[in-house]
Amino acid sequence: MTEEPPKVGVLAASPSELPIMRQAGLILEKFGIPHEVRIMSSSRNPDLVDEYARTAFERGLKVVICSTGLSGHLAAAVAARTVLPVIGVPIATAPQMVGNEALAITAQMPTGVPIATVGVDAAVNAAILAAEIIGIADEEVQASLWKFKDDLAEGLKLS
């Protein structure tokens, strides 16, 4: 049995953001969507981020989910270099920061560099949105989403 190539890239800008971004991976697993989780910084290694974004489509990715701390650089760098949908997850990067700054920065990308933005620390919602995008053309994912929505309506938990 061959493993399917990833359809979703989940990127954390730093190791400290990884626990939140791993939540996206758990939801993608729930929907049976192959994905990859990586740490990469557009500030520390812009060439790696550029290569990842430029080759994402040809490698079979359909969506990229990026953490966005106070600078929002990772999601912006990826969105500027790919034709794929990019979903930004604003992260409350410090205990005193509630994430509103990261949310505002992620939502205020310049014209031509769109980033779909979910709530602060809402990697779960980013994964659900990615699944909905993939579900447009994938009947199995779509069926899983309908079951998920039915379970939500009945008050069942996500996990």
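Since we're looking at a predicted model, the values are computed, not measured. (Residues numbered from 1 in each chain as written. Predicted model: local features only at pLDDT ≥ 70, side-chain atom pairs only at ≥ 80, totals over all residues. Heavy atoms only, no water.)

Let us look at the nonpolar core. Val8, Met21, Phe31, Ile33, Ile65 and Val89 are the most contacted members of the largest nonpolar core, which totals 29 residues. Only strand 1 (8–12), helix 1 (18–30), strand 3 (63–68), strand 4 (86–90), helix 5 (123–135) and helix 6 (139–153) provide two or more residues apiece to this core. The element contributing the most residues to this core is helix 5, with eight residues. Phe31 has contacts with Ile128, Ala131, Val141, Ser144, Leu145 and Phe148, leaving out every residue within four places of it along the chain. The next biggest cluster of nonpolar side chains, apart from the first, holds 18 residues, and it includes Met40, Cys66, Leu74 and Ile115. (Core = buried A, V, L, I, M, F, W, Y, C linked by side-chain atoms within 4.5 Å. Buried < 20%, exposed > 50% of the residue type's maximum accessible area, 1.4 Å probe, protein only. Helix = DSSP H or I, 4+ residues; strand = E, 2+ residues; numbered from the N terminus. Contact = heavy atoms within 4.5 Å.)

Another point: the packing of aromatic side chains. Following the criterion strictly, the structure yields one aromatic pair and no others. Relative to Phe148, the ring of Phe31 lies with its centre 5.4 Å away and its plane at 80 degrees, an arrangement referred to as edge-to-face. Taken as a pair, Phe31 in the loop between helix 1 and strand 2 (35–39) and Phe148 in helix 6 lie far apart in primary sequence, 117 residues in all. Taken as a pair, Phe31 and Phe148 share a single burial class, namely buried. For Arg59, the ring lying beneath its charged end belongs to Tyr52, and the centroid distance is 4.5 Å. (Phe/Tyr/Trp six-rings, centres within 6.5 Å; stacked < 30°, edge-to-face > 60°. Lys NZ or Arg CZ within 6 Å of the ring centre and 35° of its normal.)

This brings us to unusual backbone geometry. One non-glycine residue, Asp121, lies in positive phi territory at about 60 degrees. Mapping Asp121 onto the fold places it in the loop between strand 5 (116–117) and helix 5.

This paragraph deals with the pattern of salt bridges. Pairing between side chains becomes possible if they bear opposite charge and their charged atoms approach one another. Within the structure shown, the criterion is met by seven salt bridges. Where Lys7 meets Glu4, a salt bridge forms, and the shortest distance between an N and an O atom there is 3.6 Å. Note on Lys7: relative accessible area 17%, which makes it buried. What makes Glu4 partly exposed here is its relative accessible area of 45%. When salt bridges with common partners are traced through the structure, they connect Glu4, Lys7 and Asp138 into a single cluster. (Salt bridge = Lys/Arg side-chain N within 4 Å of Asp/Glu carboxyl O.)

This part takes up helix 6. Taking 1.5 Å of rise per residue, 15 residues should cover 21 Å, and helix 6 covers 21 Å from first to last C-alpha, within 8% of that figure. Every buried residue of helix 6 is listed here: Val141, Leu145 and Phe148. Projected down its long axis, helix 6 carries its buried residues within an arc of 60 degrees, all on one side. Exposed side of helix 6, more than 90 degrees from the buried face: Glu139, Glu140, Trp146, Lys147 and Ala153 are the residues found there. A distance of 3.0 Å separates the backbone nitrogen of Glu140 from a side-chain oxygen at the start of helix 6, and that oxygen is part of Asp138. Just beyond helix 6, the residue with positive phi is Gly155, at close to 85 degrees. (Expected span 1.5 Å × (residues − 1). Arc of directions from axis to C-beta. Polar contact = N/O pair within 3.5 Å; in protein donor to acceptor, adjacent residues only side chain to side chain.)

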